[in-house]
Each structure stands twice: as C-alpha cells, then as structure tokens.
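Residues per chain are reported as follows:
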Amino acid sequence: MSLKVVKFGGSSLADANQFRKVADIIKSDDNRRFVVPSAPGKRFSDDIKITDMLYKCFDLACSNLDFDNEFETIKQRYNDIISDLGVEISLDSDFDSIKNELKSKPNRDFAASRGEFLNGKILAAYLGFKFIDAAEIITFNTNGMLLLDETVKKIRTKLEGISHAVIPGFYGSTTEGIVKTFSRGGSDVTGSILANAVKASIYENWTDVSGFLVTDPRIVDNPDVISVITYKELRELAYMGASVLHEDAIFPVRTAGIPINIKNTNRPQDAGTMIVSDDHEFDDESSAHTITGIAGRKGFSAINIEKAMMNSEMGFGMKVLKVLADNNVSFEHMPSGIDTMSILVDTASLTPVKDIVLAQLRKEVEPDHLEIEDGVALLAVVGRRMKNTRGTVARIFAAMAHARINVKMIDQGSSELNVIIGVSETDLNEAIRRIYDMFISSEKTE
C-alpha cells in the first residue's frame, strides 16, 4: 500500500477554516496517514504568527517582565480555533505548564516549539489521529546537530502498530531531554525525516503556493509553475535564494529516493511541483522548456586582478585563494583569462577585511592592476535540458544584448546543468525578465 507523509505550513493552519481545508485534503486520500503541522501563521497581511508571539513572550520573560497579555492573546487564538471547529479538547493544562516553564526557566527553543506542539494537539483531535510529541522521537546531540539514524530508529519504534498520527514539526529534543528546534521553516525537515523513516512513497508539502515557480513573482508577473524539478536543479536555484522548502529538508528524502510534491492547500486540485531524483525518467510534458528556473542574488563583489604572464606563474591562483582563506572570505566563482582573474565573493564577508585583503594580495602576487568592484549580482539559469540543447548560452547573451545589459562574467559548470551570470545589481531584475521572456514566454508561442 502506498503511504504518504503530509506537511502543512503555517498559512495552511492559520485558523479554523484552514483546518477544515486540511482535514478535507487528508481525508480525500487514505494514503495520507502521517501529518506534520506547523504553528498557526498569518490570517491576514498585518497578522502576527504564533511563533513570533511566543518569541515575544520569551524575550519579556528573560527581562523579568510581565507577558500575561501576550500569552492571553496566544491562548485566545488557539481557543478560537477549538471553539470554531467544535473539537472536544482543552489545552488549559498545557497553557499553564508552558507559562510556568517560561517564567521559571525560559528557553528560546522551548518557547518557539510550543506553537507546533499545541497546533498538533488540536489537529490530531480534529482528525481522530494519534498525537505524538516530536520531542520523543526527533533527536539532537548536545551541540544541536540532528542525529538522523537514531531519530529514524525512534520513529519506527514509536509508530509500530500506529496507522495514523500527527507529529508536530520544527522541533525535537537533545539526548539530555532539552527541547531543540530547527531553524525557521524547520517543519519541512521534520516531514522529510518522517517520510524517510516510514519509507513513504511520496512526501507532500502543502503551502500557500501551487508549486515552485520558474522565477520570483515579484520580478515577473505570474511566472509559470515548474511541473517537475530534480534535486540537483532545486539545489542550484535554492543557492540563489529561490525556495519554498527548507534546504535541510532535501537530504533525508533524496537519499531514500522519495519524491516531494509541493502543493497548495487553497487549490488542492493544482498538480503543484514534483521534486524527483536526478536520474528520474522524464516525459516530454515535464520538459516543456529548455530551462527549469531562474534565480538571482545581490550582494557580491568582484576582486579583479591583472598581471602579465599570470598563466605561467606556478601557484598564482593558490596564493590568491590563500589570502582569502586567511581572512575567512570564501569565493563563489573565479572566471579567469591568460592575464586576468576575477574572484566573486560575498560583499558582507569582504567589507570588514577589504583593506587587509588588498594589501596582502599586492604583497603575495604583485599584480599589475588590482581593484574591487562592489554592487555585483549573480543569477543562475538552471535546466536539465540545457545540456542537450544547442545555443543556450548564445540565447542568454542575446537576451542581455537586446536589453543593453553588460555581462560582467559567465560561468558554466561541467555538468552543464546551470549557467551563472554576473551583472550589475541595478540590472538584475531586468536580466531575469529578459531571460524569462527568451526561454519561457517565447517558447510558448513557438
């Protein structure tokens, strides 16, 4: 029998009406047996997430200030959901113990985790599923590192004989029993680990968008949804900041060969995006466009070095990189010519040590010319079909040329899965729009 693990984000469980949508989705498929909920998110644009409200209570408790009003607001939010759903459950004892814990020994992770904990209890009662506290099964070491193998064993033992369960996302506990959370958005990770442990056929991640978009909708109006994307492609796009999924949620399911389906709670009929293994066999429909996605990120600097006969000087590149490493500056890309080299680095990392780096580079490699250019943006054009499609890079250059955008660098990996382009930060959005038009809009009309 096929088995699905389903995770629902904060917007999917923001109020009782959203709970009803979630319940309808779960009950529409008997294979959806293990559910991972987030804490209630925003109900409207100016609303406050429960997790942020809990952080506020923690901050006040740490300063020995009264947080009764803030905590009452949290209680009311949950009680409104319970009342509206007509669920036979009381969280009063939980509220009391949480409040006492915050007053006696405030712990930031404990405070933040209670949003998922309480939401999980309500959802389990509403669905008639077993509630399992994530602190009993998701295990971290004393340094806060996830112990995946131990966690998987605990999950399998705990779920033995249990057909349906709700396990809150975002948190677990250390081997000493102290509550520990993942970083924000960590419910994705809980769902991924659970899918691995129960050997799910698919991991459904329900959110408020109908899948992974080709590019940022704040830059391109109504961009297409990616129907199928590989884990490698997702990794490349996520590196540039494009993601609807916590980056740590990839590993547990990728190693187990479990696909992820990004779905929209408010539009369950939409197919969403399937994230599949890199060796997945694709049909023609899943490869409708040459490229899969476009993403960009600002905040880079280019260290430009010129020196005659640089290519014949043994260890030149090693000396340059050693200067960066000695100053804790990692490089992103390093395009070079016979007598030139450009090193793309994160501006925020470089700025505090800029003068030191310049001085050390002048001493170590004695360049003919050395400068740092700030305000550089990188954008990635990613697609599995690029490898077997001629003229992809030429089309990118053509799109840039038509928009009179100066390309500062271009770098294509050996896998031919992606092309990285460096442009001025002021040109980034227009570059993304032009590439989208070239590869997505135009291909629709062909």
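Preceding this paragraph is the structure being described.
Residues numbered from 1 in each chain as written. Predicted model: local features only at pLDDT ≥ 70, side-chain atom pairs only at ≥ 80, totals over all residues. Heavy atoms only, no water.

Q: Could you clarify how one ought to interpret a negative patch on the surface in this entry?
A: Taken together, Glu306, Asp339, Asp368 and Glu371 make up a surface patch of like negative charges. Locating glutamate 371 in the fold gives a position in strand β15 (residues 369-382). The class of glutamate 371 is partly exposed, set by a relative accessible area of 36%. (Patch = residues over 30% accessible without salt bridge, like charges linked within 9 Å, V, L, I, M, F, W, Y side chains within 5 Å. Areas by Shrake-Rupley, 256 points an atom, 1.4 Å probe, with all protein chains shown as cover. Salt bridge = Lys/Arg side-chain N within 4 Å of Asp/Glu carboxyl O. Lys, Arg positive; Asp, Glu negative; His and termini not counted. Charge placed at Lys NZ, Arg CZ, Asp CG, Glu CD. Helix = DSSP H or I, 4+ residues; strand = E, 2+ residues; numbered from the N terminus. Buried < 20%, exposed > 50% of the residue type's maximum accessible area, 1.4 Å probe, protein only.)

Q: So what exactly am I meant to see when it comes to the environment of valine 376 here?
A: Structurally, valine 376 can be placed in strand β15. Using a relative accessible area of 1% as the deciding quantity, one classes valine 376 as buried. Note: C-alpha distance between valine 376 and glutamate 416 (40 residues apart in sequence) is 23 Å. Not counting residues up to four positions away in its chain, the partners in contact with valine 376 are Lys298, Gly299, Phe300, Ala302, Leu344, Lys408, Val423 and Glu425. (Contact = heavy atoms within 4.5 Å.)

Q: What is the right way to read the sheet that holds strand β8 (residues 202-207) from this model?
A: Backbone hydrogen bonds hold the strands of a sheet together, and the pairing may be parallel or antiparallel. Read from one edge to the other, the open sheet built from eight strands follows the order β3-β5-β2-β1-β8-β10-β11-β9, with strand pairing classed as mixed. Across the chains shown, the open sheet's two edge strands, defined by having one partner strand only, are β3 (130-131) and β9 (228-230). Of the strand pairs in this sheet, strand β1 (residues 4-8) and strand β2 (residues 32-37) are connected by five bridges, and their pairing is parallel. Paired with phenylalanine 8 across the two strands is proline 37, which belongs to β2. Along the sheet, helix α1 (residues 16-27) makes contact with β1, β2 and β8, crossing β1 at roughly 170°. (Pairing = 2+ DSSP bridges. Axes fitted to C-alpha atoms, helices over the stretch in contact; angles between N-to-C directions.)

Q: What exactly am I supposed to notice about unusual backbone geometry here?
A: If a residue is not glycine, its phi is most likely negative; likewise, a peptide bond is most likely trans. At asparagine 64, a position not held by glycine, the phi torsion is positive, near 55°. If you trace the backbone, asparagine 64 turns up in the loop between α2 (50-62) and α3 (68-85). If you check the backbone angles, asparagine 222 has positive phi at about 50° while not being a glycine. Position of asparagine 222 relative to the elements: it lies in the loop between β8 and β9. With a relative accessible area of 73%, asparagine 222 lands in the exposed category.

Q: Quick question: what am I supposed to make of the packing of α2 against helix α5 (residues 108-127) here?
A: Angle between the axes and distance between the axes: these two values describe a pair of packed helices. Interaxial distance between α2 and α5 falls to 8 Å at its minimum, and their mutual angle equals 150°. Between α2 and α5, the angle falls in the class roughly antiparallel. Where α2 crosses over α5, the two elements pack in a sense that is right-handed. For the pair formed by α2 and α5, the contact residues are Ile50, Thr51, Leu54, Tyr55, Phe58 and Asp59 on the first element and Arg108, Ala111, Ala112, Arg114, Gly115 and Glu116 on the second. Among the residues forming the contact of α2 with α5, the class breakdown is six nonpolar, two polar and four charged. (Parallel < 35°, antiparallel > 145°, perpendicular 65-115°, else oblique. Left-handed = near helix turned anticlockwise from the far one by under 90°. Nonpolar A, V, L, I, M, F, W, Y, C, P; charged D, E, K, R; others polar.)

Q: Could you clarify how one ought to interpret the sheet that holds strand β12 (residues 293-306) in this entry?
A: Pairing in this open sheet of six strands is antiparallel, and the strands run β13-β14-β12-β15-β17-β16 from one edge to the other. Every other strand in the sheet has two partners, leaving β13 (331-333) and β16 (409-412) as the edge strands with one partner each. Strand after strand, the sheet turns through a mean of 40° between neighbouring axes, direction not considered. The sheet contact formed by β13 and strand β14 (residues 340-346) spans two bridges and is antiparallel. Across the sheet, the residue bridging to histidine 333 is leucine 344, located in β14. Contacting β12 and β15, helix α12 (residues 354-365) crosses the sheet at an angle of about 110° to β15.

Q: Got a minute to help me understand the pattern of salt bridges in this structure?
A: Side chains carrying opposite charge are able to pair once their charged atoms draw close together. According to the stated counting rule, one finds 25 salt bridges in the structure shown. Arginine 184 is paired through a salt bridge with aspartate 52; the nearest N and O atoms lie 3.1 Å apart. Residue arginine 184 is found in the loop between β7 (179-181) and α7 (187-197), and its partner aspartate 52 is found in helix α2; the two are separated by 132 residues along the sequence. Taking relative accessible area as the criterion, arginine 184 reaches 43% and is therefore assigned partly exposed. Relative accessible area serves as the criterion here: at 33%, aspartate 52 is assigned to the partly exposed category. When the shortest N-O distance is used, the salt bridge between arginine 267 and aspartate 270 registers 2.7 Å.

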